[in-house]
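What follows is the residue order along each chain.
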2 protein chains.
Amino acid sequence: MSDKNKSEVTINDIARALGISASTVSRSLNDSSKISEKTKSRVREMAVELGYELNLVASSLSKSKTNLIGVIIPRLNSQFFSQAVSGIEEVARQSGYQIIICQSNEDFTKECEMAKVLYSTRVDGVVACLSKETTTVEHFNVFIQKKVPVAMFDRVSYAIEGPKVVVDNYEGAYRATEHLIASGCTRLAHLAGPQNCKVFQERAEGFRDALKKAGLPLLPRHLLASDLNEKDVRDSMALWMGLKEAPDGIFTASATSGLLMLNLVRNYNVRVPEDMAFISFGNEPCNELITPSLSAVDMPGLDMGKAAAKHLVDAIEKKQNGDGIFLKPIQLLIRNSSFR
Amino acid sequence: MSDKNKSEVTINDIARALGISASTVSRSLNDSSKISEKTKSRVREMAVELGYELNLVASSLSKSKTNLIGVIIPRLNSQFFSQAVSGIEEVARQSGYQIIICQSNEDFTKECEMAKVLYSTRVDGVVACLSKETTTVEHFNVFIQKKVPVAMFDRVSYAIEGPKVVVDNYEGAYRATEHLIASGCTRLAHLAGPQNCKVFQERAEGFRDALKKAGLPLLPRHLLASDLNEKDVRDSMALWMGLKEAPDGIFTASATSGLLMLNLVRNYNVRVPEDMAFISFGNEPCNELITPSLSAVDMPGLDMGKAAAKHLVDAIEKKQNGDGIFLKPIQLLIRNSSFR
DNA sequence: GTGAAAGCGCTAACAG
DNA sequence: CTGTTAGCGCTTTCAC
């Protein structure tokens, strides 16, 4: 009847229609225990009759709670990250939160901007995986100061508080290298990632230590730090193939670089795994479909995402800062590229 | 100096500190043209001094604009979707919007719920790709009624207004089939998707028509509608291989099913592409890395995402509903699985 | 069990 | 150019 031309139906409209107060309507809609069932149902009916829909921005403002979680990640298009985001989204939604996605694109400056706008959005928490470029985390201080929990996964920083969900990169690298050695490789090489980034440091370290432990030398130029982009991978491959002592076992610090290398090696007269074995840190579905299938250290992306979100939500709701390091198991997937 | 213990610094604090009004502060911070440069800079300085950060939820409430875009997609973990979301995120952010991601997981009920909460969040617009189950789009009516633009891509519905970004599924399927025929296949089969879903209908239709055009028969059970999940694919493969007249050319309606089939065929004594050629609708990076490499109809996920976001933003800002169908080109990627 | 009133932080007429 | 005054729609004491 009161078909007002106003765009939005509010609790006031319901209140007016029912001849009660807005607070009663609010309480009813929130299922407050101190409202009679009768009133509640009258309110609910009128709400649907008028086509009322809660306005979360108003609600957020008055409650100082947005039920929004900011997610900062390097990018979306890798199995690991899309799985992680899936996991985050799933547990977030189950817990009543929505997620705002920001891709830093491995760009530190963008990461900083994103932190700012997420803060302005007053997200209740953020889960982040740092860019490769990131070496300082002061851009997260806004959150810390205002008691907004920050959960990190994979590429984390221990310089700020909050839950961290990680894998043991050192161990994964160590075991991968060990495996290559067990397969009979003696001239091992490692295509490492940017060494300012902790996870890549750890992977390089695991590699080095495994060699040391086995009494194997690290041949000159057999450990190459790089950005892991396509050019770097191609250059590294070319460099190694030109060496007098070319590697007979290669461990790459990322899935994509491993895939690319395995592809590049076809241009040479080299048998895999007989002449050259491969294993990569990080697994893509692709790894087991190609020929030869590519061995990998698998990181549980989905689980890590879920865990990060879970610990974040706990931190948000229980007001416990949720500090803690949660180590997720990696898995060595041995396939044809290294099995001999 | 005025180190009040209040958690949030507001424009009022700045106003008080400077002995001016809150509106002047607001205008300054928004770089209004009618504020003296001098005042602006005093305000800006005081803002950083006090550690002020804009509260977007308050701003959103008073402006009735959230600068949030809701994204509803079936899932994240396929090249196509992660690329699409990347594209959406990129142009959204460049245009000053943040995106809220919701995965329907191909579940119609979830899709409906998501539409509801996105509306409650008062997103300024939504970009959606319908779930396979979705046959009705009434859950989007909230948006339409309230003039919130809805852009759709790939799996779209013409039952509601708003920009649609699509590829010509019929044409892609037609050309893929045509290609198989040109390669010498005569007993063609198509693993189709759920036929309530338009894109899969169109693909099946393109397949049928290409056969007809070439005067080739559609052999019994050579067109199988399915859900494209792993079990369906396995069953279909088994069924086909058991046929007296087994297919010698297979066109799958999705990338993953194609990949899986190509993998399954190894269990049979069949040469690819000599005895059986393959091509899939949808391409994954994987497709060119496997052996034999898998031919595909490639959809430009990134572009489609960007386009959808762009048209949505236009619709939001120019108040033009942006109706229109934007056809993105597909590309036939002929690789070893079908080239003979 | 329900109402009145204040307020969350910002913006936007309307004055001057 | 700047200030005053109302809200935006909802929640939340504090009364009754």
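Residues numbered from 1 in each chain as written. Chains lettered and ligands numbered in written order. Predicted model: local features only at pLDDT ≥ 70, side-chain atom pairs only at ≥ 80, totals over all residues. Heavy atoms only, no water.

(A) Geometry of the nonpolar core. Ile69 and Phe153 of chain A together with Ile69 and Phe153 of chain B are the most contacted members of the largest nonpolar core, which has 86 residues in total. Discounting chain neighbours no more than four positions away, the residues touching Ile69 of chain B are Ala92, Tyr97, Gln98, Ile99, Ile100, Val123, Gly125, Val127, Leu312, Val313 and Ile316 of chain B. (Core = buried A, V, L, I, M, F, W, Y, C linked by side-chain atoms within 4.5 Å. Buried < 20%, exposed > 50% of the residue type's maximum accessible area, 1.4 Å probe, protein only. Contact = heavy atoms within 4.5 Å.)

(B) Quick look at the interface of chain A and chain B. Each partner contributes residues to the interface: chain A has 44 residues there, and chain B has 44 residues. Here chain A meets chain B over a buried area of about 3800 Å², counting both sides, of which 55% is carbon and sulfur. Note that Arg122 of chain A and Glu8 of chain B form a salt bridge whose closest N and O atoms lie 2.3 Å from each other. In this structure, the connection of chain A to chain B is made through 22 residue pairs in polar contact (both at pLDDT 80 or more). At the level of elements, α4 (56-63), α5 (79-94), β2 (98-103), α6 (108-120) and α11 (255-264) of chain A are the ones that each hand at least two residues to the side of chain A that touches chain B. Counting residues per element, the side of chain A that touches chain B draws most heavily on α6 of chain A, at 7 residues. Bridge count between β2 of chain A and strand β2 (residues 98-103) of chain B: 3 bridges; the pairing is antiparallel. Looking at the pairing, Ile100 of chain A lines up with Ile100 of chain B of β2 of chain B. (Buried area = accessible area lost by both parts, 1.4 Å probe. Salt bridge = Lys/Arg side-chain N within 4 Å of Asp/Glu carboxyl O. Polar contact = N/O pair within 3.5 Å; in protein donor to acceptor, adjacent residues only side chain to side chain. Helix = DSSP H or I, 4+ residues; strand = E, 2+ residues; numbered from the N terminus. Pairing = 2+ DSSP bridges.)

(C) Quick peek at the protein's contact with DNA strand C. Around DNA strand C, the structure places 24 residues, and the nearest of them are Thr24 and Arg27 of chain A together with Ser26, Tyr52 and Ser62 of chain B. Counting only the atoms of DNA strand C within 4 Å of the protein, the fraction contributed by sugar and phosphate is 67%. For DNA strand C, a phosphate oxygen lies 3.5 Å from a polar atom in the side chain of Asn30 of chain B. (Near = heavy atom within 4 Å.)

(D) Seen up close, the relation of the copies chain A and chain B. Between chain A and chain B, the superposition needs a rotation of 180 degrees and an axial shift of 0.0 Å, giving an RMSD of 0.1 Å. The transformation relating the two chain copies, once decomposed into turn and shift, fits a two-fold axis. The share of interface residues of chain A whose copies in chain B are also at the interface is 100%, consistent with both copies meeting through the same surface. (Least-squares fit on C-alpha atoms with pLDDT ≥ 70 in both.)

(E) The sheet that holds β2 of chain B, seen in detail. With respect to topology, 12 strands assemble into an open sheet ordered β11(A)-β5(A)-β4(A)-β3(A)-β1(A)-β2(A)-β2(B)-β1(B)-β3(B)-β4(B)-β5(B)-β11(B), the strand pairing being mixed. Two strands lie at the open edges of the sheet, namely β11 (324-328) of chain A together with β11 (324-328) of chain B, each paired on one side alone. Taken over all neighbouring pairs, the strand axes of this sheet differ in orientation by 20 degrees on average, direction set aside. Two strands pair when backbone bridges link them, and strand β3 (residues 125-128) of chain B and strand β4 (residues 150-153) of chain B are joined in this way by 3 bridges, in the parallel orientation. Opposite Val127 of chain B, over in β4 of chain B, you have Ala151 of chain B as the bridge partner. Its contacts with the sheet place helix α12 (residues 301-318) of chain B against β1 (68-73), β3, β4, β5 (163-167) and β11 of chain B, and it is angled at close to 165 degrees to β5 of chain B. (Axes fitted to C-alpha atoms, helices over the stretch in contact; angles between N-to-C directions.)

(F) Up close: the pattern of salt bridges. All names here are of chain A. Tallying each qualifying case throughout the model produces 38 salt bridges over all chains. Two residues, Asp31 and Arg44, come together in a salt bridge whose shortest N-O distance is 4.0 Å. Note that Asp31 is positioned in the loop between α2 (22-29) and α3 (37-50) and Arg44 in helix α3, a separation of 13 residues in sequence. Owing to a relative accessible area of 47%, Asp31 belongs among the partly exposed residues under this scheme.

(G) Summary view of the sheet that holds strand β12 (residues 331-333) of chain B. Residues and elements named next belong to chain B. Read from one edge of the open sheet, 6 strands run β7-β6-β8-β9-β10-β12, paired in mixed fashion. Only two strands of the sheet have a single partner each, and these edge strands are β7 (223-225) and β12. Between one strand and the next, the sheet's axes are offset by a mean angle of 15 degrees, whatever the strand orientation. For strand β8 (residues 249-252) and strand β9 (residues 277-281), the ladder comprises 4 bridges, and the chain directions are parallel. Pairing of Phe251 across the sheet is with Ile279, part of β9.

(H) Here's a closer look at the packing of aromatic side chains. On inspection of all chains with the given rule, the structure shows 12 aromatic pairs over all chains. Against the face of Phe281 of chain A rests Arg203 of chain A, its NZ or CZ located 3.8 Å from the ring centre. (Phe/Tyr/Trp six-rings, centres within 6.5 Å; stacked < 30°, edge-to-face > 60°. Lys NZ or Arg CZ within 6 Å of the ring centre and 35° of its normal.)

(I) Looking closely at the environment of His222 of chain B. All names here are of chain B. Within the secondary structure, His222 is located in the loop between α9 (198-214) and β7. According to the relative accessible area criterion, His222 is buried, its value standing at 1%. Spatially, the C-alpha atoms of His222 and Ala192 are 10.0 Å apart, while their sequence positions differ by 30 residues. Look past the residues within four positions of His222 in its chain and what remains in contact with it is Arg187, Leu188, Ala189, His190, Trp240, Leu243, Glu245, Ala246 and Pro247. Among the polar contacts listed, one links the side chain of His222 to the backbone oxygen of Leu188, at a separation of 3.3 Å.

(J) Up close: the protein's contact with DNA strand D. Around DNA strand D sit 24 residues in total, of which Tyr52 of chain A together with Ser23, Thr24, Arg27 and Thr39 of chain B are the nearest. Counting only atoms of DNA strand D within 4 Å of the protein, the sugar-phosphate share comes to 62%. Within the side chain of Asn30 of chain A, one N or O atom sits 3.3 Å away from a phosphate oxygen of DNA strand D. A distance of 3.3 Å separates a base nitrogen of DNA strand D from a polar atom in the backbone of Ala58 of chain A. Going through the elements one at a time, α2 and α4 of chain A together with α2 (22-29) and α4 (56-63) of chain B are the ones with two or more residues in the surface near DNA strand D. A total of 4 residues in the surface near DNA strand D trace back to one element, the largest contributor, which is α4 of chain A. When grouped by side-chain class, the residues that make up the surface near DNA strand D number 6 nonpolar, 13 polar and 5 charged. (Nonpolar A, V, L, I, M, F, W, Y, C, P; charged D, E, K, R; others polar.)

(K) Highlighting the domain arrangement of chain A. Per the domain assignment, the segments making up chain A are domain 1 (6-62), domain 2 (66-166 + 300-328) and domain 3 (169-299). Computed from C-alpha coordinates alone, the two centres of domain 1 of chain A and domain 3 of chain A are separated by 62 Å. (Domains from an automatic or database assignment.)

(L) Spotlight on the packing of helix α1 (residues 11-18) of chain B against α2 of chain B. Residue and element names in this part refer to chain B. In contact at an axis separation of 8 Å, α1 and α2 are set at 110 degrees when each is read in the N-to-C sense. The angle between the axes of α1 and α2 places the two elements in the roughly perpendicular class. Every pair of crossing elements has a handedness; the one defined by α1 and α2 is right-handed. Touching Ile11, Asn12, Ile14 and Ala15 of α1 are Ala22, Val25, Ser26 and Leu29, all from α2. Broken down by class, the residue content of the contact of α1 with α2 amounts to 6 nonpolar, 2 polar and no charged. (Parallel < 35°, antiparallel > 145°, perpendicular 65-115°, else oblique. Left-handed = near helix turned anticlockwise from the far one by under 90°.)

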